[in-house]
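Coordinates in review
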Amino acid sequence: MPLPMPGSPAASWAVYRARLKAVFDGADPRVCAAFWLFGLINNVLYVIILSAALDLVGANVPKGVVLLCDVIPSFVTKLCAPYFIHKIPYNVRIWIFVALSASGMLIIALTPALQDSRTIAIKMCGVMLASLSSGGGELSFLGLTHYYGHFALAAWGSGTGGAGLVGAGAYALATNTLRISPRTSLLFFSFLPVIMLFSFYIVLPLGPLKAGSKKSHEYEAIDSDDQADEDAVVDHGREHEGLLSSSNHSVSGRSFSAAKEDGLTGALKSFTANLNRARGLFLPYMLPLLLVYVAEYTINQGVAPTLLFPLQKSPFTEYRSFYSTYAVIYQIGVFISRSSTPFVRIHHLYLPSFLQVANLVLLTLHAMFDFIPSYYVVCVVIFWEGLLGGLVYVSTFAEITDNVKKEDREFSLGATSVSDSGGICIAGFLSMGVEVGLCRWQVDHGRNYCKLT
């Protein structure tokens, strides 16, 4: 067979295929599929709830209320759980996450479609249950990537981006295009968490977890056979305390430090060491991730509901369609950037974070002074917002995977995940005031579209 001529389309395609093969060399399809599904299902209900915010609480209640209920339990879980969740094996965690998220969605869907204070409070209880599951799932699956490598992390990031696209797109399609009621749509989506069980028990190869469990038993056996070796291991381990024991806990559910120390003393030392480790993660990783999430979720929940145009200058027949469409466009950007880890990496995390703050300023000024001439220009900015947010998310955890010592990595991945929820919490409080203030400003200046949603 003749070789393709240099510079020909066939030669260019051959070079592209060779480069693509090199990028994915060593990837296990089952690992990639499992972690993609983990990312998708763990985050999809969170996105669906935010996309349904207007339908859950109505036009007179700030959508930031839904955001706070959807993120505060997740934030508290990510803040506290890294210091004790290693005692719960991953297979038990999966069942807990599925039960919490399915129960929460059923509560939301089966509550009467009224918008009085009592029914809204019941719906928010369901939102909070789903949020607990999402927060625990994110820090657990990020920690689990420690056993499966870079491709697991890349697949997880892509899956979380896919969750945004699938969640926002499916809700907009169901309610805007197919005219399915929000209640029926949410009831259907409540069965999605079952896929998480399928991914863990059927798709994911469990060999790395079993190998980790075996190593942890060998570690204990060495300790019990030779007291001198035990002392040496403990002294060395105190330099890097936390993740080695966390990794072993995550697999076997056993505590090696507890075997050597009094229970309370050992737990306190482990907590203190992990707290110091988390403090070292703040400036390089946590802060830029926090900034980008404060900016983008203030846009999504506080500014976007006021980015409205006259219906005759838009493709819509009702004002509520602006909000759900912006959510879809944002999630497209997130999906693309969160899937880009094998191809694009940023190492300076603060630059895109500051660019995201600039997006917030631009769109807030437009909401006030109405200087962007077209709805489609706003869509471009929203898309750019999604690209920046997703890029910072995956690049942060990729940087941790590359730069943090192996024995500290599982804890670091889980602990850093608190930044996105912390940023969203701050944005939730900000957005309630921002949306109300911007809407009042618009009405006072002759634009009452925000009152018509």
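Residues numbered from 1 in each chain as written. Predicted model: local features only at pLDDT ≥ 70, side-chain atom pairs only at ≥ 80, totals over all residues. Heavy atoms only, no water.

1. Examining a nonpolar patch on the surface
Side chains of Phe354, Val357, Val361, Leu362, Leu365, Phe369 and Phe371 sit close together on the surface and give an oily, nonpolar patch of about 610 Å² of accessible area. Structurally, Phe369 can be placed in helix H16 (residues 350–369). (Patch = residues over 30% accessible without salt bridge, like charges linked within 9 Å, V, L, I, M, F, W, Y side chains within 5 Å. Areas by Shrake-Rupley, 256 points an atom, 1.4 Å probe, with all protein chains shown as cover. Salt bridge = Lys/Arg side-chain N within 4 Å of Asp/Glu carboxyl O. Helix = DSSP H or I, 4+ residues; strand = E, 2+ residues; numbered from the N terminus.)

2. Examining the UniProt feature "transmembrane region" (unreviewed entry) in the protein chain
Mapped onto this numbering, the UniProt entry gives "transmembrane region" (unreviewed entry) at residues 31–53, 65–85, 92–114, 120–144, 151–174, 186–207, 349–369 and 375–396. Annotated as residues 92–114, this span is 83% helix and 0% strand, and its ends, taken at the C-alpha atoms, are 36 Å apart. The distance from the first to the last C-alpha atom of residues 120–144 is 36 Å, and the span holds 100% helix and 0% strand. (UniProt positions renumbered as here; feature names shortened; annotations may be inferred.)

3. Observations concerning the state of the cysteines
One pass over the structure, following the stated rule, counts 1 disulfide. Across the disulfide from Cys439 sits Cys450; the S-S distance is 2.0 Å. One quick way to see it: the torsion about the S-S bond of Cys439 and Cys450 is about 85 degrees, and its sign makes the bridge right-handed. On the criterion of sequence distance, the pair formed by Cys439 in helix H19 (residues 418–444) and Cys450 in the segment after H19 is long-range, its members being 11 residues apart. (Disulfide = S-S within 2.5 Å.)

4. Section: the pattern of salt bridges
Counted by the stated rule, this structure contains 6 salt bridges. With its nearest N and O atoms 2.4 Å apart, the salt bridge here joins Lys78 to Glu138. Placement of Lys78 in helix H4 (residues 64–80) and of Glu138 in helix H6 (residues 117–144) is noted, with a sequence separation of 60 residues between them. Judged by its relative accessible area of 2%, Lys78 falls in the buried class. Residue classification places Glu138 among the buried residues on the basis of a relative accessible area of 5%. One salt bridge connects Glu399 with Arg345, and the closest N-O pair in it is separated by 2.5 Å. Placement of Glu399 in helix H17 (residues 375–403) and of Arg345 in the loop between helix H15 (320–338) and H16 is noted, with a sequence separation of 54 residues between them. Note on Arg345: relative accessible area 26%, which makes it partly exposed. Residues joined by salt bridges that share partners form a network here, namely Lys78, Glu138 and Asp420. (Buried < 20%, exposed > 50% of the residue type's maximum accessible area, 1.4 Å probe, protein only.)

5. Thoughts on the environment of Cys439
Since its relative accessible area comes to 10%, Cys439 is described here as buried. Linking Cys439 and Thr306, residues 133 residues apart in sequence, is a C-alpha distance of 6.3 Å. With sequence-adjacent residues up to four places away left out, Cys439 is seen in contact with Thr306, Cys450 and Lys451. (Contact = heavy atoms within 4.5 Å.)

6. Some words on the layout of surface pockets
For the second largest pocket, the calculated volume is near 290 Å³. In terms of lining, the second largest pocket is formed by 21 residues, of which the most central are Ala59, Lys63, Glu435, Cys439 and Cys450. Among the elements of the structure, H15 and H19 are those that each provide at least two residues to the lining of the second largest pocket. Its residues assigned to classes, the lining of the second largest pocket shows 14 nonpolar, 3 polar and 4 charged. (1 Å grid on protein atoms, 1.4 Å probe; cavity = no way out; pocket = protein on both sides within 12 Å on 5 of 7 lines; lining within 4 Å. Points joined across faces, edges and corners; volume = space filled by probe spheres on them. Nonpolar A, V, L, I, M, F, W, Y, C, P; charged D, E, K, R; others polar.)

7. Some words on the packing of aromatic side chains
Summed over the entire model, instances satisfying the criterion amount to 22 aromatic pairs. For the ring pair Phe38 and Phe141, a centre distance of 4.4 Å and an interplane angle of 15 degrees mean the geometry is stacked. On the criterion of sequence distance, the pair formed by Phe38 in helix H2 (residues 29–51) and Phe141 in helix H6 is long-range, its members being 103 residues apart. With relative accessibility at 0%, the residue Phe38 sits in the buried group. (Phe/Tyr/Trp six-rings, centres within 6.5 Å; stacked < 30°, edge-to-face > 60°.)

8. Quick look at H4
The first and last C-alpha atoms of H4 sit 24 Å apart over 17 residues, in line with the 24 Å expected at 1.5 Å per residue. In the structure, H4 departs most strongly from a straight axis at Val71, where the bend amounts to approximately 30 degrees and where the proline Pro73 lies between one and four residues downstream. Along H4, the residues that are buried comprise Gly64, Val66, Leu67, Leu68, Cys69, Asp70, Val71, Pro73, Ser74, Thr77 and Lys78. (Expected span 1.5 Å × (residues − 1). Bend = angle between axes of the 7 residues up to and from the residue.)

9. Considerations on unusual backbone geometry
Despite not being glycine, Arg179 has its phi angle at roughly 60 degrees, a positive value. Its location among the elements puts Arg179 in the loop between helix H7 (150–177) and helix H8 (182–189). Accessibility expressed as a relative area gives 57% for Arg179, which makes it exposed.

10. Overview of the nonpolar core
Core analysis: the biggest nonpolar cluster contains 109 residues, and Phe35, Phe38 and Tyr326 have the highest contact counts within it. The element contributing the most residues to this core is H2, with 15 residues. Here this core spans two domains, since at least three of its residues come from each of domain 1 (25–211) and domain 2 (281–452). (Core = buried A, V, L, I, M, F, W, Y, C linked by side-chain atoms within 4.5 Å. Domains from an automatic or database assignment.)

11. Description of the packing of H7 against H8
In helix packing, the relevant descriptors are the interaxial angle and the interaxial distance, both defined with respect to the helix axes. It is the contact of H7 with H8, at a shortest axis distance of 9 Å, that shows an interaxial angle of 140 degrees. It follows that H7 is oblique to H8 by the angle criterion. In this structure, the crossing between H7 and H8 has a hand that is right-handed. Along the contact surface, H7 presents Ala170, Tyr171, Ala174 and Thr175, while H8 presents Pro182, Ser185, Leu186 and Phe189. (Axes fitted to C-alpha atoms, helices over the stretch in contact; angles between N-to-C directions. Parallel < 35°, antiparallel > 145°, perpendicular 65-115°, else oblique. Left-handed = near helix turned anticlockwise from the far one by under 90°.)

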